[in-house]
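Breakdown of the fold
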Amino acid sequence: MKKYVKFLLMLAVVGVAMSCEREVASNESKKPVDETPSDVQSNVSALRSDIVGLWVHDGEIDSFLGDLVYESTFRFVEDGTGYRTTDEYEVSSGRRISMSRCGLTYECDGDILRITYTGEEPCEVKYRVESNAITFYVEEAENGMVVYHKRPDADRRFIGDWSTTRKDDEYYYDDHIKFVTPTDGFMYYSKYDNPNAAPIEGPSYSQWFKYTFDDDVLYISSAENMNAVPSKKYYRFADGKLYLSNSKDGIETCYRTIK
């Protein structure tokens, strides 16, 4: 394999299986989980502004599965929280081979970065930030280091779990769109025969997607295939609510954020 894949598995996927959303193309999707750390105590002295932002490490893999491409990202937020994603795709078909998603908290102690993935024990790695690159020093990696490069990130206007209720025949459905990063999210729902009672089904399996947006259009594409054609939703925010429609002057669906 190329490009420090062993390091990516060790640093970016350590402890993911139990507490974070992790999928392999041959396995069934898992139900939605809360990837965002809660009750975070911000420690400004333990944070460094130069680490805040989106950091990306990507490349190619030669494997028995064929030619693959991967992307690993870290997002470090000012308040000491963050998020890690990994995606691996087959080049010939664009089909997703594996993915993982996990929230985290972090703190900096000199040249040591301490990362705690949601529900796991802290792990530490020596690091250095220079210009638009962050270098992690790991003995198992080629040349003893792995470099992530800083990239511009979209703003966080959509971040949150947005919900709307619809009625279909005698049942009610609580539909959710959860945006966990400025580019990643998933959809799920719960089914009710009485909207004031507990659900009779759900939460459903999570359907992960990638998204981009401009001033009034949200583009959503399935995370199952890197060549997927995005669906187009017009959006607007008003009074803390998110409105989506299939056309510019179409009927809007109102979503409220879950606190």
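See above for the structure.
Below is a summary of the structure that appears in this document. (Residues numbered from 1 in each chain as written. Predicted model: local features only at pLDDT ≥ 70, side-chain atom pairs only at ≥ 80, totals over all residues. Heavy atoms only, no water.)

1. Remarks on the nonpolar core
If you look at the biggest cluster of nonpolar residues, it comprises 20 residues, and the most contacted ones within it are I51, F76, Y106, L113, I115, Y127 and I134. Looking at this core, the elements with two or more residues in it are β3 (66–76), β5 (96–109), β6 (112–117), β7 (123–130), β8 (133–137) and β9 (145–151). Counting residues per element, this core draws most heavily on β5, at four residues. In this structure L113 touches I51, F76, Y106, E107, C108, C123, E124, V125, Y127 and F136, once residues within four positions along its chain are discounted. Of all hydrophobic cores here, the second largest spans 13 residues; its members include F158, F209, I220 and Y235. (Core = buried A, V, L, I, M, F, W, Y, C linked by side-chain atoms within 4.5 Å. Buried < 20%, exposed > 50% of the residue type's maximum accessible area, 1.4 Å probe, protein only. Helix = DSSP H or I, 4+ residues; strand = E, 2+ residues; numbered from the N terminus. Contact = heavy atoms within 4.5 Å.)

2. Structural notes on unusual backbone geometry
Each neighbour pair has its own omega, and for G202 with P203 the value is 0°, a cis peptide bond. Among the structural elements, P203 can be located in the loop between β12 (184–192) and β13 (207–213). Residues other than glycine seldom take positive phi values, yet S131 does so here, at roughly 55°. You can call S131 exposed: its relative accessible area is 71%. One non-glycine residue with positive phi stands out, namely D239, at about 55°. With respect to the helices and strands, D239 occurs in the loop between β15 (231–238) and β16 (241–245).

3. Concerning the pairing of strand β4 (residues 81–90)
The buried fraction of β4 is high, at 10 of 10 residues. Two elements, β3 and β4, share nine bridges in a ladder whose sense is antiparallel. By the bridge assignment for β4, Y70 is matched with E88. In textbook terms, the turn of a hairpin is the stretch between consecutive antiparallel strands, and for β3 and β4 this stretch comprises four residues, one of which, G80, has a positive phi near 90°. Taken together, the nine bridges between β4 and β5 define a ladder with antiparallel strand orientation. (Pairing = 2+ DSSP bridges.)

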